[in-house]
Amino acid sequence: MDLDAYLARIGWEGPVRPDLETLRALHRRHVAAIPFENLEVILGRPVLLDIKALQDKMVAQKRGGYCYEQNSLLAAALERIGFTFSGLGARVRSGSESLRPVTHMALKVEADGEEWLCDVGFGGEGLLEPLPLRDGAEAGQGKWRFGIGREEKDVYVLRTLRSDGWRDLYAVGPEDRFPIDYVLMNHYTSTHPRSPFVSRPIIQQTEPGLRRMLVGSTLATAHPDGSMEQRVVPVEELTEVLRSEFRIELDAADSSTLARVYSSGT
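Now for a look at the structure at hand. (Residues numbered from 1 in each chain as written. Predicted model: local features only at pLDDT ≥ 70, side-chain atom pairs only at ≥ 80, totals over all residues. Heavy atoms only, no water.)

Structural notes on the overall build of the protein
Argument step 1. Scanning the protein from terminus to terminus reveals eight helices and 13 strands.
Argument step 2. Radius of gyration (C-alpha) of the protein: 18 Å, near the 18 Å computed for a compact globule of 266 residues.
Argument step 3. Dimensions along the principal axes, computed over C-alpha positions, put the protein at roughly 50 × 45 × 35 Å.
Argument step 4. Each of the 266 residues in the protein was classed as buried or not, and the buried ones make up 51%.
Argument step 5. Within the protein, residue pairs in contact and separated by at least 24 positions form 54% of the contacts whose partners lie at least 6 positions apart.
Argument step 6. When the accessible surface of the protein is summed, it comes to about 12,600 Å², and 50% of that surface belongs to carbon and sulfur atoms.
Argument step 7. With 32 positive and 39 negative side-chain charges, the protein shows a spacing of 3 Å between the two charge centroids. (Helix = DSSP H or I, 4+ residues; strand = E, 2+ residues; numbered from the N terminus. Rg over C-alpha atoms; globule rule 2.2 N^0.38 Å. Buried < 20%, exposed > 50% of the residue type's maximum accessible area, 1.4 Å probe, protein only. Contact = heavy atoms within 4.5 Å. Areas by Shrake-Rupley, 256 points an atom, 1.4 Å probe, with all protein chains shown as cover. Lys, Arg positive; Asp, Glu negative; His and termini not counted. Charge placed at Lys NZ, Arg CZ, Asp CG, Glu CD.)

In structure tokens:
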């Protein structure tokens, strides 16, 4: 892990120590700098989770990634700094009441005598900063508000406050997860025909006062009050939208491939 290159990528020039101040700063800067995206899947390439591949893509090439990539990169940085942490597996609840498989990665990090939920890879409704992993924890982050609830069998639920009340985002169990677990989850997420990530581009960026999302051909900007602007992005504008809205710059070959796939409606 090239820690200096990672810190430069997220724009952090301050000191780093295994404490809460550093953890908050890295989490906040990471979310602001590195967008959520599934373009490797759409471009027909495997999603690689080794540290060299993660650094090449998200640090050197200034691309983004989805949960396994983003949180694995953060974990590598935390390990270099000296944090104690473990991996978590989560069942996503947002958008459905049905029971879903464990397909999301998050982190449990120890700092200043407490355990914190860290997650830089959930996308549009994700955390901006760490949140205490305990029942009843609640915090405003930018103009968004998040909370933690505890259910049976030591399951903790991350929730967000919307205009119509609290909504569950995902539930994490008590079991520690390891890199090999994420290899299996990543294979399902990037290849299974029922995975939402194999059929359309999904690019998201969370900011303190708004969320930008490109899902399929629809570009949306969501605000904390529940309002949203949407428009359809034609294929000839796709490369520019990726650059201007999400700071993702593709080379000519990838732009051509993505345009072809995008036009096909897959």
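Next comes the rest of the description.
Things to note about the pattern of salt bridges
Argument step 1. In total, this model carries 23 salt bridges according to the counting rule given.
Argument step 2. Among the ionic pairs, glutamate 40 bridges to arginine 63, the shortest N-O distance being 3.1 Å. Pair noted here: glutamate 40 is in helix 3 (residues 39–42) and arginine 63 is in the loop between helix 4 (51–60) and helix 5 (67–81), with a separation of 23 residues, a long-range link.
Argument step 3. Under the relative-accessibility criterion, glutamate 40 is labelled buried at 11%.
Argument step 4. On the basis of relative accessibility, which here comes to 3%, the residue arginine 63 falls in the buried class.
Argument step 5. Where aspartate 56 meets lysine 52, a salt bridge forms, and the shortest distance between an N and an O atom there is 2.7 Å. Here the residue aspartate 56 and the residue lysine 52 both occupy positions in helix 4, the gap between them amounting to four residues, near one helical turn. (Salt bridge = Lys/Arg side-chain N within 4 Å of Asp/Glu carboxyl O.)

Digging into the sheet that holds strand 10 (residues 202–206)
Argument step 1. Read from one edge to the other, the open sheet built from five strands follows the order 1-10-11-12-13, with strand pairing classed as antiparallel. Only two strands of the sheet have a single partner each, and these edge strands are strand 1 (36–37) and strand 13 (228–232).
Argument step 2. Where strand 11 (residues 211–215) meets strand 12 (residues 218–222), five bridges bridge the pair, whose relative direction is antiparallel. Its bridge partner lying in strand 12, methionine 213 is registered against alanine 220.
Argument step 3. Against the sheet, helix 7 (residues 238–246) contacts strand 10, strand 11, strand 12 and strand 13, and its axis sits at roughly 160° relative to strand 11. (Pairing = 2+ DSSP bridges. Axes fitted to C-alpha atoms, helices over the stretch in contact; angles between N-to-C directions.)

Here's the deal with the packing of helix 1 (residues 3–10) against helix 2 (residues 20–33)
Argument step 1. Relative orientation of the contacting elements helix 1 and helix 2 amounts to 65°, with a least axis distance of 8 Å. One finds that helix 1 runs roughly perpendicular with respect to helix 2. Facing helix 1, whose interface residues are Tyr6, Leu7, Arg9 and Ile10, helix 2 presents Leu26, Arg29, His30 and Ala33. (Parallel < 35°, antiparallel > 145°, perpendicular 65-115°, else oblique.)

Quick notes on a nonpolar patch on the surface
Argument step 1. Judged by side-chain polarity, Phe178, Ile180 and Val183 come together as a nonpolar surface patch covering roughly 310 Å² of accessible area.
Argument step 2. Its location among the elements puts valine 183 in helix 6 (residues 179–191). (Patch = residues over 30% accessible without salt bridge, like charges linked within 9 Å, V, L, I, M, F, W, Y side chains within 5 Å.)

A few points about empty space enclosed by the protein
Argument step 1. Evaluation of the coordinates by the stated rule reveals one cavity of 30 Å³ or more.
Argument step 2. Here the largest cavity is characterised by a volume of approximately 100 Å³.
Argument step 3. For the largest cavity, the lining is made up of 15 residues, of which Val31, Phe36, Val120, Gly123 and Thr206 are closest to its centre.
Argument step 4. For the lining of the largest cavity, the leading source of residues is strand 10, giving three residues.
Argument step 5. Residue classes in the lining of the largest cavity are distributed as seven nonpolar, seven polar and one charged. (1 Å grid on protein atoms, 1.4 Å probe; cavity = no way out; pocket = protein on both sides within 12 Å on 5 of 7 lines; lining within 4 Å. Points joined across faces, edges and corners; volume = space filled by probe spheres on them. Nonpolar A, V, L, I, M, F, W, Y, C, P; charged D, E, K, R; others polar.)

Side note on the packing of aromatic side chains
Argument step 1. Enumeration according to the criterion identifies five aromatic pairs in this entry.
Argument step 2. Here the aromatic rings of tyrosine 66 and phenylalanine 197 are separated by 5.5 Å at their centres, their planes lie at 80°, and the arrangement is edge-to-face. In this pair, tyrosine 66 sits in the loop between helix 4 and helix 5 while phenylalanine 197 sits in the loop between helix 6 and strand 10, placing the two residues 131 residues apart along the sequence. For the residue pair tyrosine 66 and phenylalanine 197, the accessibility class agrees, reading buried in each case. (Phe/Tyr/Trp six-rings, centres within 6.5 Å; stacked < 30°, edge-to-face > 60°.)

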